[in-house]
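# Survey of secondary and tertiary structure
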Amino acid sequence: MELFKYTAHQLHEKLVSKEVSAVELTKSVLARVDAVEKDVQSYITQTRESALKQAEAVDAKIGQGQTISTLAGIPGALKDNMCTQGTKTTCASKILANFVPPYNATVVEKLMAEDTVVIGKANMDEFAMGGSTENSGFFPSRNPWDLATVPGGSSGGSAAAVAAGEAIWALGSDTGGSIRQPAAYCGLVGMKPTYGRVSRYGLVAYASSLDQIGPITRDVTDCAHVLNVICGHDAKDSTSINTGVPDYTKSLVNDIKGLKIGLPREYFASGMDPEVERAINKAIEQLVSLGAEYKEISMPHTEYALSAYYMIAPAEASSNLARYDGVSFGQRVEGTDIVDMYKKTRSAFLGAEVKRRIMLGTYALSAGYHDAYYVKALQVRTLVKKDFDKAFHDVDVIITPTAPTTAFKLGEKTNDPLAMYLQDVCTIPVNLAGVPAVSIPCGFAGGMPIGLQIIAKPLGEETLIRTAYTFEQNNDYHKGFAPLLEVK
Amino acid sequence: MDYEIVIGLEIHTELKTHSKIFCGCSTKFGSEQNTNVCPVCLGLPGVLPVINEKVVEFAVRVGLALNCEILPFSKFDRKNYYYPDLPKNFQTSQYDLPIAVNGHLDIEVNGEKKRIGITRVHMEEDAGKLVHSGATITSSDSALVDYNRTGVPLLEIVSEPDMSSAEEARAYLEKVKAILEYLDVSDCKMEEGSLRCDANISLRPRGTTTLGTKAEMKNLNSFRSVQRGIEYEAMRQEEVLEEGGRVVQETRTWDEAKGISLSMRSKEQANDYRYLPEPDLVPIIVDPATVEEIRLNLPELPDARKQRLMDGYGLSEYDAAVITTSKAMADYFDQSVGCNADAKTVANWLMGEVSKHLNNEGISILECPVAPKQLADLIALIEKGTISNKIAKAVFEDMWTSRKDAEVIVKEKGLVQISDSSEVIGIVDAVIAANPQSVADFNAGKDKAIGFLVGQIMKQTKGRANPDMVNSLLRERLQG
Amino acid sequence: MKITCEDVANVALLSRLEFSESELETFTGQLDAILEYADVLNKLNVDSVEPTAHVLPLKNVMRADEAKPSLPRELALVNAPEQEDGYFKVPKIMEG
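Every value quoted in this text rests on a predicted model; they were computed, and no experiment measured them. (Residues numbered from 1 in each chain as written. Chains lettered and ligands numbered in written order. Predicted model: local features only at pLDDT ≥ 70, side-chain atom pairs only at ≥ 80, totals over all residues.)

### A few points about the overall build of chain B
Spelled out, the test is: Helix and strand assignments follow DSSP, with helices taken as H or I runs no shorter than four residues and strands as E runs no shorter than two, numbered in order from the N terminus. Note on method: radius of gyration uses C-alpha positions; expected globular size equals 2.2 Å times residues raised to 0.38. Neighbour counting defines burial: a residue surrounded by 20 or more other C-beta atoms within 10 Å of its own C-beta is buried, one with 12 or fewer is exposed, and intermediate counts give partly exposed, using backbone-placed C-beta atoms. Residue pairs are scored as contacts if the distance between their C-beta atoms, which are placed from the backbone, is within 7 Å.
Of regular secondary structure, chain B possesses 16 helices and 15 strands. Against the compact-globule benchmark of 23 Å for 480 residues, chain B has a radius of gyration of 29 Å, which places it well outside the compact range. Each of the 480 residues in chain B was classed as buried or not, and the buried ones make up 44%. If you take every contact in chain B between residues at least 6 apart in sequence, the share linking residues at least 24 apart comes to 68%.

### A closer look at the sheet that holds strand E2 (residues 83-84) of chain C
Let me state the cut-off plainly: For two strands to be treated as a pair, DSSP must find at least two bridges joining them.
Pairing is antiparallel across the open sheet formed by four strands, whose spatial order is E8(B)-E9(B)-E3(C)-E2(C). Because the sheet does not close on itself, it has two edges, and the strands there are strand E8 (129-132) of chain B together with E2 of chain C. Sheet topology places E8 of chain B next to strand E9 (residues 142-146) of chain B; four bridges connect them, and they run antiparallel. Each bridged residue has a counterpart across the sheet, and for Leu 130 of chain B the counterpart in E9 of chain B is Val 145 of chain B.

### A few points about the environment of Asp 424 of chain A
Residues and elements named next belong to chain A. Of note, Asp 424 is situated in the loop between helix H13 (417-421) and helix H14 (428-433). With 23 C-beta atoms counted inside 10 Å, the residue Asp 424 sits in the buried group. Measuring from C-alpha to C-alpha, the distance between Asp 424 and Gly 130 comes to 9.7 Å, with 294 residues separating the pair along the chain. Beyond its immediate stretch of four places on either side in the chain, Asp 424 contacts Gly 131, Gly 176, Gly 177 and Leu 306.

### Re the interface of chain B and chain C
Under the convention used in this document: Residues are grouped as follows: Ala, Val, Leu, Ile, Met, Phe, Trp, Tyr, Cys and Pro are nonpolar; Asp, Glu, Lys and Arg are charged; all remaining types, including Gly, are polar.
If you look at the interface, chain B gives 43 residues, while chain C gives 32 residues. Those elements that place two or more of their residues in the side of chain B that touches chain C are strand E2 (51-52), helix H2 (53-65), E8 and E9 of chain B. Residue classes in the side of chain B that touches chain C are distributed as 22 nonpolar, 14 polar and seven charged. Taken together, the two bridges between E2 of chain B and strand E1 (residues 62-63) of chain C define a ladder with parallel strand orientation. Paired with Asn 52 of chain B across the bridge in E1 of chain C is Arg 63 of chain C.

### Looking at the packing of helix H1 (residues 5-14) of chain C against helix H2 (residues 21-38) of chain C
All names here are of chain C. To keep it simple, the criterion reads: Between N-to-C directions, angles cover 0 to 180 degrees, with each direction set by a line fitted to C-alpha atoms, over the stretch in contact for helices. Angle categories: roughly parallel below 35 degrees, roughly antiparallel above 145, roughly perpendicular from 65 to 115, and oblique for all the rest.
Put simply, H1 and H2 touch, their axes get as near as 9 Å, and they point 100° apart. When the axis of H1 is compared with that of H2, the two are roughly perpendicular. From H1, Cys 5, Val 8 and Ala 9 reach across to H2, where they touch Leu 24, Glu 25, Phe 27, Thr 28 and Leu 31.

### A short note on the sheet that holds strand E11 (residues 195-205) of chain B
All names here are of chain B. Overall, mixed pairing links the nine strands, which are arranged E3-E6-E7-E10-E1-E11-E12-E13-E14 in an open sheet. Of all the strands in the sheet, just strand E3 (69-70) and strand E14 (260-263) have a single pairing partner and so form its edges. The pairing of strand E7 (residues 112-125) with strand E10 (residues 153-159) spans seven bridges and is antiparallel. Bridge pairing in E10 places Val 121 opposite Ile 157.

### A look at H2 of chain B
All names here are of chain B. Cut-off, in case you're wondering: Given a helix with a known number of residues, its expected span is that number minus one, times 1.5 Å.
Along its 13 residues, H2 runs 19 Å from first to last C-alpha, staying within 8% of the 18 Å computed at 1.5 Å per residue. The buried fraction of H2 amounts to 11 of the 13 residues, a majority that puts the element mostly inside the structure. Note on H2: the residue one or two positions beyond its end, Asn 67, has a positive phi of about 60°.

### Some words on the domain arrangement of chain B
Using the following cut-off: Domain limits in this description derive from either an automatic procedure or a database domain assignment.
By domain assignment, chain B separates into domain 1 (3-291), domain 2 (300-412) and domain 3 (421-479). Using only C-alpha atoms to locate each centre, domain 1 of chain B and domain 3 of chain B end up separated by 64 Å.

### Section: the interface of chain A and chain C
Facing the 57 residues of chain A at the interface are 43 residues of chain C. Going through the elements one at a time, helix H9 (302-320), helix H10 (338-349), helix H11 (352-365), helix H12 (370-394) and H13 of chain A are the ones with two or more residues in the side of chain A that touches chain C. Ranked by residue count, the leading element in the side of chain A that touches chain C is H12 of chain A, at 10 residues. The class makeup of the residues in the side of chain A that touches chain C is 28 nonpolar, 17 polar and 12 charged.

### Comments concerning the pairing of strand E6 (residues 212-217) of chain A
All names here are of chain A. Taken across its six residues, E6 has six buried, putting it largely inside the fold. Both strand E4 (residues 169-174) and E6 contribute to a ladder of six bridges, which runs antiparallel. Each bridged residue has a counterpart across the sheet, and for Leu 171 the counterpart in E6 is Pro 215. Strand direction decides the pairing type here: strand E5 (residues 189-192) and E6, joined by two bridges, are antiparallel. Looking at the pairing, Val 189 lines up with Thr 217 of E6.

### Concerning the environment of Lys 448 of chain B
Residue and element names in this part refer to chain B. The topology assignment puts Lys 448 in the loop between helix H14 (436-443) and helix H15 (449-460). Note on Lys 448: 9 C-beta atoms within 10 Å, which makes it exposed. Here the alpha-carbon distance between Lys 448 and Ser 438, two residues 10 residues apart in the chain, equals 9.4 Å.

Here's what the structure looks like:
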């Protein structure tokens, strides 16, 4: 089997036993990139030279008999909204096409300390705004399960790279579902940790109170390993949680006897693809057969969560993106005076969806509408959070579909922003409440992967891993590959 | 129509912390452009702020010194607007829950005391500096931006519109400055921008309570500008009203050179700041115990110090007030008195000769070339009778330029006062003999004529004779 | 109509964006549809509900007042579209 088809934990064994060298592994992945990148278009920037150097350093350590961590020497991808010192970080936006950060995001520092290998910066929807990666300012990425479909978004490049074998693991970011939905569309494991569990320092902000970085991997074991590296308090992030990080691999236990599962009726309402519904129900039955108990619950404010999100996220975004003005970094269009320069620069280099959300957010915050829209949305957020708090008094995890459908065709929803927003209906409430959630593959519809979402209470990542691992180990979805990987 | 002026002041002060409010860059003034910056204060993509605990402590100190209530729950908000000195195009400030509210401060103008209300004190970050090639920002083709100052911590102190004259505004500003200096939270140098003042001015018919339309005045860069600017604006608004017009709510800038205010007309489009709670910072909850601890550890404030000088040294309220106007002056006073000099004499010298020299050279007491101990020693020489008050003034001049001690100068110049009558008696007799007219006048009852004779004797002794001794010797001789 | 072309033009100015006539119309239509959808929020009675600005119960996260090294100036200016003498250079500033 080609090296890029293995998981990180399997490859770690091969490195340690010297069956394979880190350089060989990196070269294998790079060759894979050369073979399929023209079709998948996962990467905005490839960092091939530094990847090989990183691999060489790991081989040197192994040669000296040093112990190496699980992710050492394993090639991965970073969504291009995480600052990498000395390497272009564009957020898939023309306005940052030439931006080279003079500093590293904290997660990048942590990964470097583990001697991981970074193949490149992955494509995304511009400034993380979108659900298909079609809003990238450069080019769309494609789903390795069907190149005519989207890989999901906004972490579409990260998911496509892992599903195509162009990376063994990846980091994405999730503000309204942007890790979980692409993971679902691409048949992968994608987790959004509890808000504050992973440092946001160096993550280019979209909606500060909702953004979180998380792993996109082939299986739950790899997810646990990546979490071990990236989670933890950061003094540079005032919103980062200050409690110790457990060893998440200890939760890789195939046992959910007595686990209480909640099924919120509002998530199973109309709008779901019948095949998706069937797969989800089958998955739930299986979990029950494995020893879990389920209970139907109600989360009555679910229907308001989407609207609240589309007030809060754009409001924060309108403020976060004000700095893209051509003054001290990024692209610039000269103007007759500074205001003219601001307008010309932003209008020329920001994409349509970004502009839409900036204006929506500015409107929601403006005098006269501030209380009616923005404050109201914050109040609804409280109610959504309370729904979760209440639910977790009765159940250990909540199970829902990750998305109402499987991956849609490229171009299918680009003319209707609202239709695009409605795809997020299952994932958004999680971000509003700040709770952790993971998407794992649970079946197929028309050959396209379906994702099962498991949600836990704050700092409940261990429960998520145990539940996800149990389901995974009693199925074979993590062993399958996208058709693209089968093509020689 | 008789109008009264209604004035409110917004004072911004830069806090003298070691590092900026949200990052570890130095706050040092005067560094080379863009050398005290980092990704955080540059507002680069992905950065996050972390609050400097000293800023919160200083804010509480100031709030307490201004008799405010420290809010138990306080938070930061973003004030959104575009300007090139603001890297993120929003300023992180405090909007609806500032750290301190509802305070007051007492001022005295022309002997009358008045209480000025303080609406709020809040923390925020400073913006960068713009440098322009032309004479003014607006006449230049381009502008240059220095971000050293972005992120320097600021406190904004907003007064109630309780002041009714330019003098009151000035007195309030001076009092706030003194308090900030005594608290040791700011350098308070208006010329360096560590203390800034904007004024809101409106008029209303005397005796009414409804506020008139106000104009905001900016660019009041010195105490003088504050006073002149307010006086001018009050006059301008009165003219507008007298001619039947309406005062426009607007921002105006003060031109000190021309002595006029100009409308910054385009700022009239009300800036919609679209405040939102700062998502990257969590709330500040100052517990009552901490507030009490800070309150107990507050340094002595100007009013208390003034009272101490009055009670402890018997200084008049006026003198004590002048001495304590600046902490540096008050410290100098304390140090000098601490060297066993008489308090009232020190006070007189500080308010007299010392201040005169400082003003002539445009320097502050901190740069006074005569040290507190040196002044005390000079005063000791006067009290011992070694030199007269008049000679002492000359000695002081010498001390100022040469920086030598009084005793050294007195010795070098042979200025020791002559208090031995035997040394002088010859000159007394000679002067009496040489001035029969004055003697006759004195004997005829013109007591003042003795002054001329004393003057002659002093001249002959080059001012060294003890004037009291000369006076009594003369009277002895003339009446004898 | 929840939002008019004029509203959008005002919002565009606040956001420092400029649009052609047709772009303005398209955006107005799209924003209107989104705001109509968001109107569902008005069905809820939230009178006694506290707004949630932060999901975490964190407070008083602060750092000690210690000066740390700043960026070397070349790095601070490395992405500057235009610079002069160690300053960032921008076009003229009309007052206000």
